[in-house]
Structure formats: structure tokens, C-alpha cells
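Single-letter residue listing:
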Amino acid sequence: MTAANSAQDGRDVGERAVAGSIWLLGSRLGQQGVLLIQVAVLARLLDPTAFGLVGLADLAAQAIAVFVYTGYEFALIQKSDLREIDIHTAWWVMLARYVAIGGCLMALAGPIARFYRVPEAIPVLRAIGAIQAQEEKAVISASDTLAQAGSLMTNENALPYKARGYEKVFVYHFQALNYLFQGNIEGASVEVRRANQEQVLALERHLKEVDKAHEELEEHKVDHSAVDAKVEQTYAEMDAIIADVKNSLQNAYTFYMSGVFWEIAGEPNDAYIDYKKALEIYPENPYVQQDVIRLAKTLGMSDEYDAFTTRYPEAAAVEGRQPYEAETGEVVILFEEGFVPQMQGITLPIPTPNGLVTASFPIYRSPRQSTAPFSAYAGDQVLGGTAPICDVYALAAKSLKERLPMMITREVLRAVAKGVIQKQVVDEAGLLGGALTSLYNIATAGADLRAWYTLPYDVQMMRATLPAGAHTLRLVHERTRSTVEPVVNLRAGGTVVIRLVLCGGKPYYQAIEL
């Protein structure tokens, strides 16, 4: 090697070093800039206590990450003769790293919180641990792709279960109730916002999924008109279950519970908005009518007050309550009864260019159950009875019917794929092969019956005003005569929330004084 070549190589190395340093500096600045934005957003959204909890959890995550750092990502970049086994090895090691970080955070949440003497950090640490365990998006994407491919040759049960829109709303709804009954107003407020946001986002996702399903069928040039007609005809029997439910993605129970929470938190404007949404979805509930009229008057919404009093004269005739008067308080009763019935599977033949293929669909066929209210008494005084606010069985049935375009798309594409394979087997193996393929198609035609079956069948509620002080309430179910007698201490201007659950004819309740 000549001196000129050595000098040239030296300059090349120097130039590469300078360029690499610039890129590294830019990368670091970009990372820090993004981090600064994240911190600013969190500081804006969270109060100092919550911000401190998140910071503590993030510090713990970074400390654990130091011990499981591998450096594989930089090794892959620098390796000139990259082999496929190197990529696979790095992929699995990175997956193990994220799982290790998440697992350690979840397992050590208790000791870390005790070390810092902040017990409130335990759920935050575990939540961040769960998020860290799922950070490797490639894993999720790869598993979904494999599941999609497998489901085309079997059935929908090969796919990971994804909660339906109404189920996601209830996840946040019940989490908000859990926080509320622990007296954690801040935690409840977060879940209330998530529940309300989910009701908006779920509708947008549903519309996109329907459009995508139609596009898939058009892309594969599959005539599905005969299948549509047959499935629609079969599912028409669910119309009696669905009744007047407009969509499954919004429910009056969640909006009303949100309104109650905002009143407790001293946000009457937010409460008024959510009460109106509940009224729009379930206009027959007299208590929702009264609350909307009451807050319209309190907030000086004169035009809306006049409109609501004209539309609901009986509710307007009820003397206006003032829940924050010095001498009275409010009792809110939320009553959940039974469980959503299970779906059943039905089998329908789907015509394909290569013959008929069997397909299975889920359907709700359980007849409507009669429901009855709880009547409430305070001594000899009749407070009233609960009134329906959410038919969860109807929501579940409506959700299933809303998914028909997606289910038909999947079943038609599955039928076409199975039909092609069946024809190939017949061509190569004769009638015996065709018979075996038909048996396989029948055996793998299983309807996806998965759902959240512990959701209540029906939800009712009531609201009453009582003088401040201690009261022994008597709540009697009108059909089973089951009785509970919660003792509540109602403070002036306060609210007592009672959640009643009736399972197998036996009532359970919890109460919180706020």
C-alpha cells in the first residue's frame, strides 16, 4: 500500500467518523426533543402527584432496562455480512428484552413502591410494565399475520380475540366505577374520559372496517349477493332483541354514570353534556329527563330548558332538585341484573365457483327475559323505583349485526379458498380426496362464539333527594322480593352512589359516600 493510498484511507475514515458523529448527534438531539415534548404534554395533562408517579415508574423502567441491554440493534447495523440467522436471533433477543423489562416491572412493582414509600405507584408501575411487554410491534404484527392466514383455512377462532367496541367502553366504565368506590376521584376521571373517547373512536373504526370489508370483496371479485341475502334473512330474527338500539357503540349507562361523576367533581357543564347524550340514546328514562331539565335551569340554558320542559312535561312537573343545597343530598342507585346470554352457532352453505362450502356464523337466539325494578324506601317514605337506562343484551345483538359485513367477507373469502383446495384435491386424488376435503371443511366450520358474557343483561337506575344525615334504606326487587338495607350517611350537598347487582336472584351491593 502506497503512502498516497494510506493518506486517502485515513481521510475516508476521518470523513466517515465526522459524518457518523453528526448523525449520532442529530439522533441524540431528536430523542431528547421528543422526550422534552412528552414531558411537557404529561406535565400539562397530569397534576403534580400523578406526574411524579409516572416519573417514578419511568425511572424504574430505565433502571431495569440497563441490566437487560443487549446492543443487538447496533450489531446488526455494523455487520457487513448479515445473515438471516443474525436477524432472527436479534429479533428473539429483543423480544425477550421487552418481556423481561415488563415482567420485572410488574413483579417488582410492590417492592419498588415500598422502597419509595409511595403505594399509589403500584398500579402505575404494573401498567407501564404491561406496555413495555408489548413494545415490540413486529411480534404483534407477525402473530396477527400468521393467525389471519391460519383462520382462512379453519375459522375465526384461529384469530386472537379482539374486544368489541361496546365491550371496550364497558372496560373503562367499570374501571371508573372501581376507582369511584375506592374514593379515587382522579383515577375515575381518567377512566371516564377514556370511556367517552372510546364511544367516539369505536364508531369511526367501525365505519372504516365496513368499507375495508367491501373493498376486499371487490378486490377479489367475489359475488357475495346471495350470501348477503341469506345471512340478512337469518339474522332478521335478532331484530326483536335489538329493538330500538341505534348502534352498539354508545350507551346511555356510561354517559349517565359520567354525568354523575362530573357533578360529584363539581363540573356541572360537563355533567350536563353527558346527561344530554344519555337522554338522546335513552329518552324514556324519567330520571335522565329530570336531570337534564334541572341542570338546564341551573346553568341558565333558557332556550334548552324551555325545549326540554315542553318535550318532557311529566319530568318538568317534578319539583326541581338542587343537589347541593345545604340541607339535602342525593342518592344515586345503579342496578345491574343478570348476564348477557351466550351466542349460538348456525351453519349456512356458501356457493363458490367450485361448489358449496359450509360456513358458520354466530347468532343470538335466546328469547327476551323479563326484568323488574328495585323499589327504594327510606323508613315509610317511598323514594321511587329504578328505571331502564341500558339494554346490554340489545347492545350485544346490535354489535353482532353491525359486524355482518366483516363476517360475510371473511366467510366468503374462506369459502373461496377452501373451494379452490377442494377442487385441486378432487383433480389430483379423485372422489375420495374430495370427500375427505369436504369432511375437513365441515369439521373446521366453527362459529366464533367468544364474547364478554359477564356483562349485565340489563341496567336500571334511579335518583332521589334526601335530608342530610344517616338513613337506613330498604331496596326491594319487585320480582324476586330480594331485599338489601344499606345504611348511608348523607352529608349536606353530598352524593351517595349505590351499585346493585342481582345474580341468580341474590342481590349484592356496594355504596360510597362522596
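Residue indices follow the written sequence of each chain, beginning from 1 at its first position. pLDDT decides what is reported in this predicted model: residues at 70 or higher carry local features, side-chain atom pairs at 80 or more are listed and counted, and totals for whole chains, interfaces and linings draw on all residues regardless. Think of the side-chain values as coming from all heavy atoms in the structure, minus any hydrogens and water.

### Some details on the overall build of the protein
Threshold: Where helices and strands are cited, they refer to DSSP runs of H or I of at least four residues and of E of at least two residues respectively, numbered from the N terminus. Any two residues whose heavy atoms approach within 4.5 Å are treated as being in contact. Accessible surface is estimated by sampling points in the Shrake-Rupley manner with a 1.4 Å probe; for residues, cover comes only from the protein chains shown.
Broken down by element type, the protein carries 18 helices and twelve strands. Of the contacts formed within the protein by residues at least 6 apart in sequence, a portion of 73% connects residues at least 24 apart. Just so you have it, the protein exposes about 27,400 Å², and 59% of that area is on carbon and sulfur atoms.

### Focus on the confidence of the model for the protein
Reading fine detail from the predicted coordinates is not recommended where pLDDT is low. Rules: pLDDT measures the predictor's confidence residue by residue and takes values from 0 up to 100.
Per-residue pLDDT for the protein has a mean of 76; in total, 61% of the residues score no lower than 70. Averaged pLDDT values over the elements of the protein bottom out at 42 in helix H7 (residues 137-153) and peak at 95 in strand S6 (residues 387-390).

### Digging into the sheet that holds strand S12 (residues 506-513)
Quick note on the threshold: Strands qualify as paired when DSSP identifies two bridges or more between them. A fitted line through C-alpha atoms represents every axis, and for helices the fit uses only the stretch in contact; the resulting angles, taken between N-to-C directions, go from 0 to 180 degrees.
Across the sheet, five strands lie side by side as S6-S7-S1-S11-S12; this open sheet has mixed pairing. Each edge of the sheet is formed by a strand with only one pairing partner; in this case those strands are S6 and S12. On average, each strand axis in the sheet is inclined to that of its neighbour by 25 degrees, with strand direction left out of account. In the sheet, S6 pairs with strand S7 (residues 458-467) via three bridges, with the strands oriented antiparallel.

### Quick look at the side chain of Ser399
To keep it simple, the criterion reads: For each residue, the accessible area found with a 1.4 Å probe, counting protein chains only, is set against the maximum for its type, and the residue is called buried under 20%, exposed over 50%, and partly exposed in between.
On the secondary structure map, Ser399 appears in helix H17 (residues 392-402). By relative accessible area, which is 4% here, Ser399 ends up buried. For Ser399, the residues in contact, after removing those within four places along its chain, are Arg164, Tyr166 and Ser248.

### Observations concerning helix H14 (residues 286-298)
Heads up, the rule is: Each residue after the first adds 1.5 Å to the expected span of a helix. Under the rule applied, a polar contact is a pair of N or O atoms within 3.5 Å (in protein, one hydrogen donor and one hydrogen acceptor; residues adjacent in sequence only if both atoms are side-chain atoms).
Taking 1.5 Å per residue, 13 residues should reach 18 Å; H14 reaches 18 Å between its end C-alpha atoms and fits that length. Most of H14 is tucked away, with ten of its 13 residues classed as buried. Measuring from the backbone nitrogen of Tyr287 back to the side-chain oxygen at the start of H14 gives 2.9 Å, which picks out Asn285 as the cap. With its phi angle positive at about 75 degrees, Gly300 sits one or two positions after the end of H14.

### A word on the side chain of Glu263
Within the secondary structure, Glu263 is located in helix H12 (residues 252-264). Assessed through its relative accessible area of 4%, Glu263 is described here as buried. At 3.0 Å, the side chain of Glu263 forms a polar contact with the side chain of Arg463.

### So, the pattern of salt bridges
We apply this condition: Any Lys or Arg side-chain nitrogen found within 4 Å of a carboxyl oxygen on Asp or Glu counts as a salt bridge.
A full pass over the atoms with the stated rule returns 15 salt bridges. With its nearest N and O atoms 3.9 Å apart, the salt bridge here joins Asp448 to Arg164. Of this pair, Asp448 sits in the loop between helix H18 (404-443) and S7 while Arg164 sits in the loop between H7 and helix H8 (165-181), and the two are 284 residues apart along the sequence. For the pair Asp448 and Arg164, a shared accessibility class is recorded, and that class is buried. As a salt-bridge pair, Glu336 and Arg499 come within 2.9 Å of each other at their nearest N and O atoms.

### Observations concerning the environment of Val292
By the secondary structure assignment, Val292 is in helix H14. Measuring from C-alpha to C-alpha, the distance between Val292 and Leu279 comes to 7.9 Å, with 13 residues separating the pair along the chain. Once you skip the residues sitting within four places of it in the chain, Val292 turns out to touch Tyr272, Tyr275, Lys276, Leu279 and Phe308.

### Focus on the packing of aromatic side chains
Applied cut-off: To pair, rings of Phe, Tyr and Trp, with the six-membered ring standing in for Trp, must have centres within 6.5 Å; the planes then decide the type, stacked if under 30 degrees apart, edge-to-face if over 60, and tilted in the middle. Working rule: Lys NZ or Arg CZ, within 6 Å of ring centre, within 35 degrees of ring normal, means a charge sits over the ring.
One pass over the structure, following the stated rule, counts seven aromatic pairs. Ring centres of Phe170 and Phe174 lie 5.7 Å apart, and the angle between their planes is 25 degrees; on these two criteria the pair is classed as stacked. Residue Phe170 and its partner Phe174 are both found in helix H8; the two are separated by four residues, about one turn of the helix. Residue classification places Phe170 among the buried positions, given a relative accessible area of 0%. Centre to centre, the rings of Phe261 and Trp262 are 4.9 Å apart; their planes meet at 65 degrees, and the pair counts as edge-to-face. Judged on exposure class, the residue Phe261 and its partner Trp262 are both buried. Joined through ring pairs, the aromatic side chains of Phe170, Phe174 and Trp452 make up one cluster. Across from the ring centre of Tyr377, 4.6 Å away, lies the NZ or CZ of Arg474, which sits over that ring.

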